[in-house]
Amino acid sequence: RRAGEPPLIDSWIPFLGKALEYRADSRKFLEENYRKHGDAFTVHLAGRYITFVMNPLLYPYVIKQDSQLDFHEFSDQISSFAFGYTPLSHCDIPGLEDEIQRGFQLLKGENLDSTLEAVSANLMQVLRQDHLGAGSWRTSNLYEFCDSIMFETIALTMFGKPPGASYRGDIQALREDFHKFDDMFPLLVARVPVRLLGKTKAIRDKFHKYFLPQRMKAWSNGMRFTQTRMELFDGCDSMKDTDKAAHHFAMMWASVANTIPAIFWNLYGVMSDPSAMAAIREEMRDVLGLSEDQVNRPDTDLTLTREQLDKLVCMESTISESLRLSTSSVTLRLATEDTKIQLDERRWFNVRKGDMVAMFPQTLHMDPEVYGDPETYKFDRFVKDGKKKTDFYKGGQKLKYFLLPFGYGSSRCPGQYMATYLMKLLLCVLLLHFDFLVDPGQSTPPLDTSRAGLGTLPPSSDISFRYRLRTRPPH
Ligand code: HEM
């Protein structure tokens, strides 16, 4: 290593370096090295040199220098490889990437008002199909329940409804294919060629056919965000139709793959903690001010505004808490030239061209100094005096960044507001209509760490539970 470079962690295994140890348990590996080597160190992982900045007190310095490092160019390489489109950098369509980024504005603020109405209507439609019939307790598995409801709700909201009577069967088949593809996603990100992954290529081709522009034009009530992307791609004469379709498939993946495990953990947390359930129900009653007529009416769509949902501070705390416990994302940046990164007022380190700088927020989320008793679910961790709690400390210093499930800077998730509203709406609708009981004798399933580094981790096994339509209270 050269002067000014952080300690290097390497092994005698050529090319792979520490990749096997890292893959086996990234959190343990990084935390051990944090203890041994301090705030920043470089790890050799499968031919790449990645400098991890571990101390969250240093995050603001690194985040401030975000523009010196690249995210979009290498994420374009990874996404195009996984979803099967021509990399944007090879497209030679001036301004396309900027226009795609600009389109993300439509996932924010008042642009989401009409989306919330659509989410409510679609959610109720999906629930009515399968779940809202009167009756006694029904048994189900929670992950399967969340997945079947939310995959369809998100697909309908984002892309609209294809014509034809076979839609329901089609969406179920699509969901199965989506999961088969998603199971292979960690390998695609590791650049294993798709032709070596069994049926994955055939499944991906099916999605490319599903999202072809001439088919999508016939779909009704898709989001303005998707319409705008379709118009943008339409205006790019040199873009192949399968490329356009692959971009829509990538967006479907982005909107579903993290959201469903997040929803599972959120529901599981609330359902298995009676005080969380009671606090949220009370907050809904106080904040939403729903009349008797709006409660327990499976035949009526519940329309809640952004302002109402924004006031659900306790519910938001349950969402933050479950994301804290289940998020495992690595934020990666590439040095496109030799770069000096400031760590704080006194310290800095050098990265060479082609090397990477990373943060691994799971260490922050599970740091006992920041979050007392970090392994325990505490539904109201993010509430203080009835407002959102934002003061968290390490070493006596207030942290600027204390929760990073949605990334930061140039890789910040553009769907984070929509994701939060989706989770709140689902909770509101489910708690208004159903009673829930987690079947006794089950312990919290561990996280499926095979997807570590890729976002919200699903549970490694499902949970069985019972639900029943709430009976309307007598007048
Ligand atoms: C709880 C749910 C979600 C979580 C935890 C989450 C998390 C993330 C994270 C960590 C990233 C950055 C990835 C990286 O650094 O490589 C990201 C990117 C992204 N997310 Fe989300 N996300 C969620 C839901 C959504 C939804 C609902 C949408 C769409 C409506 C969405 C759209 C995207 C897109 C398009 C990107 C890539 C942005 C870019 O390349 O510039 N996400 N998400």
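Here's a quick rundown of the structure. (Residues numbered from 1 in each chain as written. Predicted model: local features only at pLDDT ≥ 70, side-chain atom pairs only at ≥ 80, totals over all residues.)

### Here we look at the site of the ligand
Step number 1: For the ligand, the set of nearby residues contains 20 residues, the closest of which are Asn258, Ala262, Ser411, Cys413 and Gly415.
Step number 2: At the level of elements, helix H13 (241-256), helix H14 (259-271), helix H19 (416-433) and strand S15 (454-456) are the ones that each hand at least two residues to the shell around the ligand.
Step number 3: Across the shell around the ligand, the residue classes break down as 9 nonpolar, 11 polar and no charged. (Near = placed C-beta within 6 Å. Helix = DSSP H or I, 4+ residues; strand = E, 2+ residues; numbered from the N terminus. Nonpolar A, V, L, I, M, F, W, Y, C, P; charged D, E, K, R; others polar.)

### Overview of the nonpolar core
Step number 1: The biggest cluster of nonpolar side chains holds 73 residues, and the ones touching the most others in it are Leu142, Cys146, Ile263, Phe264 and Leu426.
Step number 2: Sorting elements by how many residues they give to this core places helix H7 (residues 142-159) first, with 12 residues.
Step number 3: Leaving out residues up to four positions away in the same chain, Cys146 has contacts with Ile260, Ile263, Phe264 and Leu267.
Step number 4: Tyr22, Tyr49, Leu332 and Met359 belong to the second largest nonpolar core, which has 27 residues in total. (Core = buried A, V, L, I, M, F, W, Y, C linked by C-beta atoms within 7 Å. Buried ≥ 20, exposed ≤ 12 C-beta atoms within 10 Å, placed from the backbone. Contact = placed C-beta atoms within 7 Å.)

### What about the sheet that holds strand S16 (residues 464-469)?
Step number 1: Strand order in the open sheet formed by 3 strands is S4-S16-S14, with antiparallel pairing between adjacent strands. In this open sheet, the two strands that pair with only one neighbour each are strand S4 (138-141) and strand S14 (434-438). On average, adjacent strands in this sheet sit at an angle of 30 degrees to one another, irrespective of strand direction.
Step number 2: Where S4 meets S16, 4 bridges bridge the pair, whose relative direction is antiparallel. Bridge assignment links Ser140 to a residue of S16, and that residue is Phe465.
Step number 3: Across the face of the sheet, H7 comes into contact with S4 and S16 while running at roughly 85 degrees to S4. (Pairing = 2+ DSSP bridges. Axes fitted to C-alpha atoms, helices over the stretch in contact; angles between N-to-C directions.)

### Some points on helix H15 (residues 274-288)
Step number 1: With 15 residues, H15 extends 21 Å from end C-alpha to end C-alpha; this agrees with the ideal 21 Å at 1.5 Å per step.
Step number 2: If you check which residues of H15 are buried, you get Ala276, Ile280 and Met284. One side of H15 carries all its buried residues, which in axial view fall inside an arc of 70 degrees. The exposed set on the far side of H15, more than 90 degrees from its buried face, consists of Pro274, Ser275, Ala278, Glu282, Arg285 and Asp286.
Step number 3: Looking at the buried positions of H15, the neighbouring elements they touch are H14, helix H17 (313-326) and H19. (Expected span 1.5 Å × (residues − 1). Arc of directions from axis to C-beta.)

### What to know about the packing of H15 against H17
Step number 1: With their axes 8 Å apart at the nearest point, H15 and H17 run at an angle of 140 degrees to one another. Contact residues: Ala276, Ala279, Ile280 and Glu283 in H15; Cys314, Met315 and Thr318 in H17.
Step number 2: Residues belonging to the contact of H15 with H17 are distributed by class as follows: 5 nonpolar, 1 polar and 1 charged.

### Re unusual backbone geometry
Step number 1: Located in the positive-phi region is Ala46, a residue other than glycine, with phi close to 45 degrees.
Step number 2: Phi is positive for Asn221, which is not a glycine, with a value near 65 degrees.
Step number 3: Positionally, Asn221 belongs in the loop between helix H11 (213-216) and helix H12 (224-234).
Step number 4: For Asn221, a count of 13 C-beta atoms within 10 Å translates into the label partly exposed.

### Focus on the environment of Phe151
Step number 1: With respect to the helices and strands, Phe151 occurs in helix H7.
Step number 2: Given 23 C-beta atoms within a 10 Å radius, Phe151 is considered buried.
Step number 3: When the C-alpha atoms of Phe151 and Thr331 are compared, they prove to be 26 Å apart, with 180 residues separating the residues in sequence.
Step number 4: With residues up to four places along the chain from it excluded, the contact list for Phe151 reads Arg175, Phe178, Val256 and Ile260.

### Looking at the environment of Phe392
Step number 1: With respect to the helices and strands, the residue Phe392 is situated in the loop between strand S11 (387-388) and strand S12 (393-394).
Step number 2: Residues Phe392 and Lys353 lie 39 residues apart in sequence; the distance between their C-alpha atoms is 35 Å.
Step number 3: With near-sequence residues (within four places) excluded, Phe392 lies in contact with Val370, Leu399 and Phe402.

### Focus on the sheet that holds strand S6 (residues 331-334)
Backbone hydrogen bonds hold the strands of a sheet together, and the pairing may be parallel or antiparallel.
Step number 1: With mixed pairing, 5 strands are arranged side by side in an open sheet as S1-S2-S3-S9-S6. The sheet terminates laterally at strand S1 (8-9) and S6, the two strands that pair on one side only.
Step number 2: Both S6 and strand S9 (residues 356-359) contribute to a ladder of 4 bridges, which runs antiparallel. Considered in S9, the bridge of Arg333 is made with Val357.

### Looking at the environment of Trp265
Step number 1: With respect to the secondary-structure elements, Trp265 resides in helix H14.
Step number 2: With 123 residues separating them along the chain, Trp265 and Leu142 place their C-alpha atoms 9.5 Å apart.
Step number 3: With near-sequence residues (within four places) excluded, Trp265 lies in contact with Ser322, Leu325 and Ser326.

### Regarding helix H2 (residues 26-37)
Step number 1: For H2, which comprises 12 residues, the first-to-last C-alpha distance of 16 Å matches the rise-based estimate of 16 Å (1.5 Å per residue) to within 8%.
Step number 2: By the burial criterion, the buried members of H2 are Ser26, Phe29 and Leu30. Burial along H2 is one-sided: seen end-on, the buried residues are contained in an arc of 90 degrees. Relative to its buried face, H2 has exposed residues pointing more than 90 degrees away, namely Lys28, Arg35 and Lys36.
Step number 3: Against helix H1 (19-24), strand S3 (48-53) and helix H18 (362-365) lie the buried residues of H2.
Step number 4: Backbone geometry just downstream of H2 places Gly38 in the positive-phi region, at approximately 90 degrees.

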